Amino acid sequence: MDPQRETPKKNNTEHLIADRREGIGICGWILVSLSFLLVLITFPISIWACIKVIREYERAVVFRLGRVLSKKAKGPGMILILPCTDTFIKVDLRTVTCNIPPQEILTKDALTIQVDGVMYYRIHSPVSAVANITDVHSATFLLAQTTLRKVLGTQSLAQLLAGREEIAHSIQAILASATEQWGIKVAQVEIKDVRIPTAMQRAMAAEAEAAREARAKVVAAEGEMNASKALKQASMVLAESPAGLQLRYLQTLTTLAAENNSTIVFPLPINMLESLGQKNRGG
C-alpha cells in the first residue's frame, strides 16, 4: 500500500488535535505538579475522586488543561484523573440505530414519493468523534437525511423500486466517506419503505392489469393458431381415408353417450349425408 495514501487518513483523525510536542508550557507543568501534590496530601481520600471506571463498551477521551492527553482513548477499566487539571468525556462504542424519517422526494421522472430508511453505525475513533465535531450523532443523522434525498432524486421510480439494494450500497459508500473524519464507521444502510401517492397506485394497477390482459390475449391467439394448424393436419389425414372419418364420427357418438344427459343422438350414415349434399347442389 502506498504510504502517501495512509498519511491523509491519519491526518483526518488528528487535524484538530494539537501536537503534543508543543507541550503545555511551564505554567501548565506547575499546575499539574500542584494537582499531583494535592492528591498526595489528601491521600487516600483523594483517590476516590481520581479513579474512574470505564465500561467495556466505552472509551474515555482525557483532556489535560484543555489539550487531548493522548491520541488514543483510554479504557476499558480504571483510569486515573488528576483533579482540577484533567477532564474526560465518555464515548459509547456500541452500534447505533438511526431511523431516517420519511423524506418527500421528487424523482427523476417528476413523481413525488416518500421514502424512509434505517442506518447502523458506530464510533471507531473516540478522539475524532469528540475533537472534530460538536455533536457526532446529530451530524450523522442530518447527513443521512440529506444523502438519502440527494441520491434518490437522481433515480426514476422504476429504478428505485427495482434497485433498492444498489441504491442502499451507494448511500452507504457516500456516508462512510463523509463521516470517516468524524471517527464514524457506517455498517449498513437500508431503504425500508417507498410510499407512492394513491392516484399513482391506481394508475400503476390499471397499467399492470392492461398488460396482463394483453398478454392473455396473445396467449389465447397463439393457442387458437396452434389448434387451427393441428385441425388442418387432422383434416388432411381424414381426407385420405373416408373410413377414418366414419370411425371418428362413431367415436364422437360413444363419447356423447357416456355422459349422463338428456340429449338423444340419431346416427346417420355418412354416405346418406353426402348424397343429400350432392342433390342439393344438383338442384
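Note that this is a predicted model, so its numbers are computed, not measured. (Residues numbered from 1 in each chain as written. Predicted model: local features only at pLDDT ≥ 70, side-chain atom pairs only at ≥ 80, totals over all residues. Heavy atoms only, no water.)

### Focus on the pattern of salt bridges
Pairing of side chains with opposite charge becomes possible as their charged atoms draw close.
Here is step 1 of the chain: On inspection of all chains with the given rule, the structure shows five salt bridges.
Here is step 2 of the chain: Here aspartate 193 ties to arginine 195 by a salt bridge, and the two come within 3.4 Å at their closest N and O atoms.
Here is step 3 of the chain: Residue class for aspartate 193 comes out partly exposed when judged on its relative accessible area of 30%.
Here is step 4 of the chain: What you see here is one network of salt bridges that share partners, running through Arg55, Glu58 and Lys90. (Salt bridge = Lys/Arg side-chain N within 4 Å of Asp/Glu carboxyl O. Buried < 20%, exposed > 50% of the residue type's maximum accessible area, 1.4 Å probe, protein only.)

### Some details on the sheet that holds strand β8 (residues 184–195)
Here is step 1 of the chain: Across the sheet, three strands lie side by side as β6-β7-β8; this open sheet has antiparallel pairing. On the outer flanks of this sheet lie β6 (96–106) and β8, each paired with one strand and no other. Strand-to-strand, the axes of this sheet are offset by a mean angle of 20°, without reference to chain direction.
Here is step 2 of the chain: Note that β6 and strand β7 (residues 112–123) share nine bridges and pair antiparallel. Paired with isoleucine 100 across the strands is glycine 117, a residue of β7.
Here is step 3 of the chain: Strands in contact with helix α5 (residues 136–152) are β6, β7 and β8; relative to β6, the strand with the most contacts, it is inclined by about 35°.
Here is step 4 of the chain: Packing against the sheet, helix α7 (residues 164–179) makes contact with β7 and β8, and its axis sits at approximately 145° to β8. (Pairing = 2+ DSSP bridges. Helix = DSSP H or I, 4+ residues; strand = E, 2+ residues; numbered from the N terminus. Axes fitted to C-alpha atoms, helices over the stretch in contact; angles between N-to-C directions. Contact = heavy atoms within 4.5 Å.)

### Here we look at the sheet that holds strand β5 (residues 86–92)
Here is step 1 of the chain: Judged by pairing direction, the sheet is antiparallel, and its three strands sit side by side in the order β3-β2-β5 without closing on themselves. Single-partner strands in this sheet number two, and they are β3 (67–68) and β5.
Here is step 2 of the chain: As judged from the seven bridges shared by strand β2 (residues 58–64) and β5, these two strands associate in the antiparallel manner. Among the inter-strand pairings, valine 62 is bridged to a residue of β5, identified as phenylalanine 88.

### A look at helix α2 (residues 25–41)
Here is step 1 of the chain: End to end, α2 covers 24 Å across 17 residues, agreeing with the expected 24 Å (1.5 Å per residue, within 8%).
Here is step 2 of the chain: Along α2, the positions that sit buried rather than exposed are Gly28, Val32, Ser35 and Val39. Buried residues in α2, looked at end-on, bunch into an arc of 60°, giving them a common side. Among the exposed residues of α2, those oriented more than 90 degrees off its buried face are Ile26, Cys27, Leu34, Leu40 and Ile41. (Expected span 1.5 Å × (residues − 1). Arc of directions from axis to C-beta.)

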